[in-house]
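Working through the structure, step by step
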Amino acid sequence: MIVKDWCSYCGECAGICPKNIIEVKEYSLVFDEKECSRCEICVKACPLNALEME
Ligand code: SF4
Ligand code: SF4
């Protein structure tokens, strides 16, 4: 997952991920990528359009 510079670390993506694999740190997002189902729910949920699936 690519996190753009303009991410505000609001945590909305982490809250909506059905697999609960996104962790919001102070200035980073950590994804448990092997558990990701690539559903793109987080990508669509981001209000700032700051996530991109590789
Ligand atoms: S929802 Fe978007 S802006 Fe908020 S933490 Fe996730 S990627 Fe960043
Ligand atoms: S693509 Fe789906 S499973 Fe993967 S991090 Fe985003 S919401 Fe979670």
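Keep in mind that what you see is a predicted model, and the values were worked out from it rather than measured.

The environment of ligand 1 is made up of C7, S8, Y9, C10, G11, E12, C13, L29, C46, P47, L48 and L51. Taking a 2 Å distance to the grid points as the criterion, the majority of the atoms of ligand 1 fall inside the largest cavity. Each residue belonging to the shell around ligand 1 can be placed in one class, and the counts come to 9 nonpolar, 2 polar and 1 charged.

M1, C13, I22, L29, F31, C42 and L51 are the most contacted members of the largest nonpolar core, which has 15 residues in total. Other than its neighbours up to four places away in sequence, I22 contacts C13, A14, C17, V30, F31 and C42.

About the cut-offs
- Residues numbered from 1 in each chain as written.
- Chains lettered and ligands numbered in written order.
- Predicted model: local features only at pLDDT ≥ 70, side-chain atom pairs only at ≥ 80, totals over all residues.
- Heavy atoms only, no water.
- Near = heavy atom within 4 Å.
- 1 Å grid on protein atoms, 1.4 Å probe; cavity = no way out; pocket = protein on both sides within 12 Å on 5 of 7 lines; lining within 4 Å.
- Sits in = over half its atoms within 2 Å of the grid points.
- Nonpolar A, V, L, I, M, F, W, Y, C, P; charged D, E, K, R; others polar.
- Core = buried A, V, L, I, M, F, W, Y, C linked by side-chain atoms within 4.5 Å.
- Buried < 20%, exposed > 50% of the residue type's maximum accessible area, 1.4 Å probe, protein only.
- Contact = heavy atoms within 4.5 Å.

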